[in-house]
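Fold and geometry: a report
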Amino acid sequence: MTTSEPGPQETAPTANAMRRALRRARDGVALDVSEAAVLLQARGGDLADLCATAARVRDAGLEAAGRPGVITYSRKVFIPLTRLCRDTCHYCTFVTVPGKLRRAGEGMYLSPDEVLEIARRGAELGCKEALFTLGDRPEDRWGEAREWLDAHGYDDTLAYVRAMAIRVLEETGLLPHLNPGVLSWTDLQRLKPVAPSMGMMLETTATRLWSEPGGPHHGSPDKEPAVRLRVLEDAGRSNVPFTTGILIGIGETYEERADSLFALRRTARAYHGIQEVIVQNFRAKPDTAMRGMPDAELEELAAAVAVTRVILGPAARIQAPPNLVDSEYALLIGAGIDDWGGVSPLTPDHVNPERPWPHIGELAERTAASGYTLRERLTIYPEFIHRGEPWLDPRVLPHVRALADPETGLAREDAVPAGLPWQEPDEGFAAAGRTDLHRTIDSEGRTTDRRDDFDEVYGDWEALREAAVPGMRPERADADVRAALAQAADDPTRLTDEQALALLHADGPALDALCRVADDVRRDTVGDDVTYIVTRNINFTNVCYTGCRFCAFAQRRTDADAYTLSLSQVADRARQAWDVGAVEVCMQGGIHPDLPGSAYFDIARAVKEGVPGMHVHAFSPMEVVNGATRTGMSVREWLTAAKEAGLDSIPGTAAEILDDDVRWILTKGKLPTATWVEVITTAHELGLRSSSTMMYGHVDQPRHWLGHLRLLAEIQQQTGGFTEFVTLPFIHTNAPVYLAGIARPGPTDRDNRAVTAMARLLLHPHIPNIQTSWVKLGTEGAAEMLRSGANDLGGTLMEETISRMAGSGYGSYRSVRDLVAIADAAGRPARARTTTYGEVPAERQRTAAEFDGHLPELLPVLGDA
């Protein structure tokens, strides 16, 4: 085990290297990891020089933030919800084992009464933050933890965290800050509505300290650096104000310490979600495996703080815990901190119990002695309060407003915390905004080509450009195309990945031959009929803060084109569709922060009550997860309840490309691939069938298409729940990721033909129906896809705003005659179908024929643009 001093592999920097690094820092030149590692070793006069630079950077940041000369802290209580953990960090005294808790007469978890007693006493002493501290998923290791949760009615530890956070909000008014360890993307969605902020220390990116026996994190699954970095990224994608930091002196080298700081900078730059960075010095504890390790010296801590400030810049909020600095307050202030973290007048630091908190009065005096004013903040930093949505969930917004100064965003020091109801926003399901957009999008268009928060809401565009480069790089396909075509014609199920890639790259005569093979397979599988469905799209709201960079549909609630339909409007549109022959309504909407998770049930019920015979095809996997996390239900429980409310099937949208490297370019906050798969497979298990989709032609390549199609085929073999595969060419015109100069201008004609043909071959025989999109391709384009392996045209739609807002020029409606004409153009007969590709009842067919499946008084029929 190495110590915090330079290990055998490290040599002290030369004087010349130190002078050069100090000069570059003074001049504001970007440092690299090697230069940062040099500066981490600054001592004496060199350290004073470094700290002077860091202090100037810090002061400039405070000036820009509107609080010059202010150093902040949070008045808090610690709530050690459980001291059990599945990890075994070698320096930790917080974590214990069930036997010790029993001998001490303590429970496996704090009881609700114990939690609320701590919070109430804290509120009486003027605290405004309730810091929930606990071990990672103890039920995975300790049967006693699992038994306690089962006995008290909680599915897992995080369910208990969520429940206690709500009770603290409602009964004391303290603001929860949650530190439950490693969280998945879905976990973050579960907890965001109950806490203004969350946190998890990165600690280090030195993988060897986790992977090698004897390392401080060996045997601790949650301390793998890649896992912890993924949590930071998911928190940024989910718009969660997040606290993180590094722990110095646990055996990392200076290069590894510098690398940790650069990793934090990359995440902060990409998502703008890190609200503070803690630089914490290791303190050896008795009765731990690392009790013999030397403590990190305070000069070493000061150098780490200063380098953190220089690397992260003036906008970063940097903290050093005041109970770990041995009264050297001036040294840390001089090194560039601007925050002392949480200080409790009631509870000890349960992680460092031997180090009592300083009295707040003393901390104010020590801060003033260095020329700064100590001010109280809340657990969520002022910058995030001022940003508002989507960083603050509407359910906790009243609690934050009750304690925050509306001008500064700092704590109102005269505010007395008091419990407030934790509830869904009052607005509910009320009609608002441009509710006629489904009609006027064709006649008047959208108000502007982009939102006015374009430069902030999607993350850092420059960082995104860098991240997109590897995925945009085309690859060669070296396999023999002729051999691949022969294999496809003989038995497409035996195509190798290399052969499939060669065919996805096919062009010219090879592409023509590929499409003929796919069309032959189509004919043999489903015959010549071109199917279509008489359906109505109902997009019940376009208010959304998810931050999908390909989406031009999403609006803020204050934008000119924003709208939300009332339940009665949704039901009316469903009745109108039924009256002209529809058998289905397809309903999806934005992730509106004010709509409760149960709103989806209300939508399904409203349609079924008005039109009992209508098939409700609704709610993408993203909406399913949103509903489940807001209600505190599991995905399975939520889907079961939705089915009982009238849901019949779900659209397999929100898939985009099922490759997270591509997804995180396309979207800031949408669900990851694994979660999409979980929702879809759970729906299938419950008897809710779904479509499957792929949006292509943006920052993807044929290798991504292949992986996506292979995954869909694998799911279908397991569940049999997909009704069709829908090709969705990327509409670029108004898409933010295109306007930012990152994405391609949609797929080429070659891409469309190759994707359609290869979908037919790679999904054969598991998904027999391949659908093309007239909305995105127009009449001629759709007819060409019918000659390239597709057999389905989708629906009449009656209204369509998502593609039209993105810039599609093919209108929002096609009549039955229009769809039949597309099939005619491909030389094929047309036939109406149901959602699940069954026979349409005769009465529905007659009504659709009578009205041609459209609403002429509401929706003009447009020809191709």
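Rules of the game
Residues numbered from 1 in each chain as written. Predicted model: local features only at pLDDT ≥ 70, side-chain atom pairs only at ≥ 80, totals over all residues. Heavy atoms only, no water. Helix = DSSP H or I, 4+ residues; strand = E, 2+ residues; numbered from the N terminus. Buried < 20%, exposed > 50% of the residue type's maximum accessible area, 1.4 Å probe, protein only. Contact = heavy atoms within 4.5 Å. Areas by Shrake-Rupley, 256 points an atom, 1.4 Å probe, with all protein chains shown as cover. Arc of directions from axis to C-beta. Core = buried A, V, L, I, M, F, W, Y, C linked by side-chain atoms within 4.5 Å. Pairing = 2+ DSSP bridges. Axes fitted to C-alpha atoms, helices over the stretch in contact; angles between N-to-C directions. Parallel < 35°, antiparallel > 145°, perpendicular 65-115°, else oblique. Nonpolar A, V, L, I, M, F, W, Y, C, P; charged D, E, K, R; others polar. Expected span 1.5 Å × (residues − 1). pLDDT = per-residue confidence, 0-100. Patch = residues over 30% accessible without salt bridge, like charges linked within 9 Å, V, L, I, M, F, W, Y side chains within 5 Å. Salt bridge = Lys/Arg side-chain N within 4 Å of Asp/Glu carboxyl O. Lys, Arg positive; Asp, Glu negative; His and termini not counted. Charge placed at Lys NZ, Arg CZ, Asp CG, Glu CD. Phe/Tyr/Trp six-rings, centres within 6.5 Å; stacked < 30°, edge-to-face > 60°. Lys NZ or Arg CZ within 6 Å of the ring centre and 35° of its normal.

**Some points on the overall build of the protein**
Helix and strand content of the protein: 35 helices and 21 strands. Taking all 865 residues of the protein together, 62% fall into the buried category. Counted over contacts in the protein with a minimum sequence separation of 6, partners at least 24 positions apart contribute 78%. About 30500 Å² of surface is accessible on the protein, with carbon and sulfur atoms providing 50% of the total.

**Focus: helix α26 (residues 635-645)**
When α26 is considered as a whole, its buried residues turn out to be V635, W638, L639, A641, A642 and A645. One side of α26 carries all its buried residues, which in axial view fall inside an arc of 160 degrees. G646 sits one or two residues past α26 and shows a positive phi near 130 degrees.

**With respect to the side chain of T681**
Topologically, T681 is positioned in helix α28 (residues 673-685). Leave out the neighbours within four places in its chain, and T681 touches I715 and T719.

**Regarding the nonpolar core**
Across soluble globular proteins, you tend to see nonpolar side chains buried next to one another. By size, the foremost hydrophobic cluster in this structure holds 132 residues, and its most contacted members are M587 and W676. With near-sequence residues (within four places) excluded, M587 lies in contact with I538, F540, V570, I603, V607, V616, H617, A618 and F619. Grouped together as the second largest cluster of nonpolar side chains are 117 residues, L31, A303, V310 and A320 included.

**Considering the side chain of N239**
With respect to the helices and strands, the residue N239 is situated in the loop between α10 (225-237) and β5 (242-248). Discounting chain neighbours no more than four positions away, the residues touching N239 are K192, P390, W391, Y545 and K668.

**Details of the pairing of strand β2 (residues 129-134)**
Taken across its six residues, β2 has six buried, putting it largely inside the fold. Residues E129, L131 and T133 of β2 are buried on one face, and the alternating residues A130, F132 and L134, pointing to the opposite face, are buried as well. Looking at chain direction, β2 and strand β3 (residues 175-179) are connected through five bridges and run parallel. Of the residues in β3, the one forming a bridge with L131 is H177.

**Side note on the packing of helix α25 (residues 621-631) against α28**
The geometry of a pair of packed helices is captured by two quantities: the angle between their axes and the separation between those axes. It is at 9 Å that the axes of α25 and α28 come closest, and there the two elements cross at 85 degrees. As judged from the angle between their axes, α25 and α28 are roughly perpendicular. Counting all contacts with α25, which are made through P621, V624 and V625, the residues of α28 involved are T675, W676, V679 and I680. Its residues placed into classes, the contact of α25 with α28 shows six nonpolar, one polar and no charged.

**Here's the deal with unusual backbone geometry**
Of all residues except glycine, most have a negative phi; of all peptide bonds, most are trans. Along the chain, E389 connects to P390 via a cis peptide bond; the corresponding omega equals 5 degrees. Looking at the secondary structure, you find P390 in the loop between α15 (382-387) and α16 (397-401). For the peptide bond that leads from H764 to P765, omega is -5 degrees, which places it in the cis range. Locating P765 in the fold gives a position in the loop between α31 (749-762) and β19 (770-771). Within the chain, N239 stands out as a residue other than glycine whose phi angle is a positive 60 degrees. Relative accessible area serves as the criterion here: at 4%, N239 is assigned to the buried category. A positive phi angle, close to 70 degrees, is found at Y837, a residue other than glycine. Turning to its location among the elements, Y837 is positioned in the loop between β21 (830-832) and α35 (842-851). Y837 gets classed as buried once you look at its relative accessible area, which sits at 16%.

**Quick look at the pairing of strand β11 (residues 530-533)**
One face of the sheet, then the other: side chains in a regular strand alternate in exactly this way. The alternating pattern of β11 places V530 and Y532 on one face and T531 and I533 on the opposite face, and all of these are buried. Here β11 runs beside β21; their pairing, made up of three bridges, is parallel. Its bridge partner lying in β21, V530 is registered against A830.

**A look at the packing of α25 against α26**
In contact at an axis separation of 9 Å, α25 and α26 are set at 105 degrees when each is read in the N-to-C sense. One finds that α25 runs roughly perpendicular with respect to α26. Touching V624, G627, A628 and T631 of α25 are V635, W638 and L639, all from α26. For the contact of α25 with α26, a count of residues per class yields five nonpolar, two polar and no charged.

**Description of helix α22 (residues 508-526)**
The end-to-end C-alpha separation of α22 is 27 Å, in line with the 27 Å expected for 19 residues at 1.5 Å each. Those residues of α22 not exposed but buried are L511, A513, L514, C515, V517, A518, D519, V521 and R522. Along its buried surface, α22 packs onto α20 (481-490), α21 (497-504), α31 and α32 (774-786). Looking at the residues trailing α22, positive phi occurs at G527, about 80 degrees.

**Description of the confidence of the model for the protein**
Predicted confidence across the protein gives a mean pLDDT of 90, with 89% of residues reaching 70 or more. Below a pLDDT of 50 lies the segment residues 1-8, which in the model reaches 25 contacts outside its immediate sequence neighbourhood of four places, other chains included. Contacts of residues 858-865 to residues separated by more than four positions or lying in other chains number 23 contacts, the stretch itself having pLDDT below 50.

**Digging into a negative patch on the surface**
A cluster of like negative charges, contributed by E106, D113, E114, E117 and E124, occupies part of the molecular surface. One can find E124 in helix α5 (residues 112-124).

**Re the pattern of salt bridges**
Tallying each qualifying case throughout the model produces 57 salt bridges. Between E256 and R208 there is a salt bridge, with the nearest N and O atoms lying 2.7 Å from each other. Of this pair, E256 sits in helix α11 (residues 254-271) while R208 is found in helix α9 (residues 208-211), placing the two residues 48 residues apart along the sequence. Using a relative accessible area of 17% as the deciding quantity, one classes E256 as buried. Residue R237 pairs with E233 through a salt bridge whose shortest N-O separation is 3.7 Å. Placement of both R237 and E233 in helix α10 is noted, with a separation of four residues, approximately one turn of the helix. We classify R237 as buried; its relative accessible area is 3%. Salt bridges sharing common partners tie together R67, R309, R317, D338 and E383.

**Observations concerning the packing of aromatic side chains**
Considering all chains together, one arrives at 13 aromatic pairs under this definition. Taking the centre distance of 5.5 Å and the plane angle of 80 degrees together, the rings of Y329 and W340 count as edge-to-face. One end of the pair, Y329, is in helix α13 (residues 329-335); the other, W340, is in strand β8 (residues 339-343), with 11 residues separating them in the sequence. Across the pair, exposure class does not vary: Y329 and W340 are buried alike. Among the aromatic residues, those joined into a ring-pair cluster are F540, Y600, F601, F619 and W638. The residue whose ring lies beneath R387 is W391, and the NZ or CZ to ring-centre distance is 4.9 Å. The ring of Y837 is capped by R833, whose NZ or CZ atom sits 4.0 Å from the centre of that ring.

**With respect to the environment of A674**
With respect to the element layout, A674 can be found in helix α28. A residue is classified by how much of its surface remains accessible, and A674, at 59% relative accessible area, is exposed.

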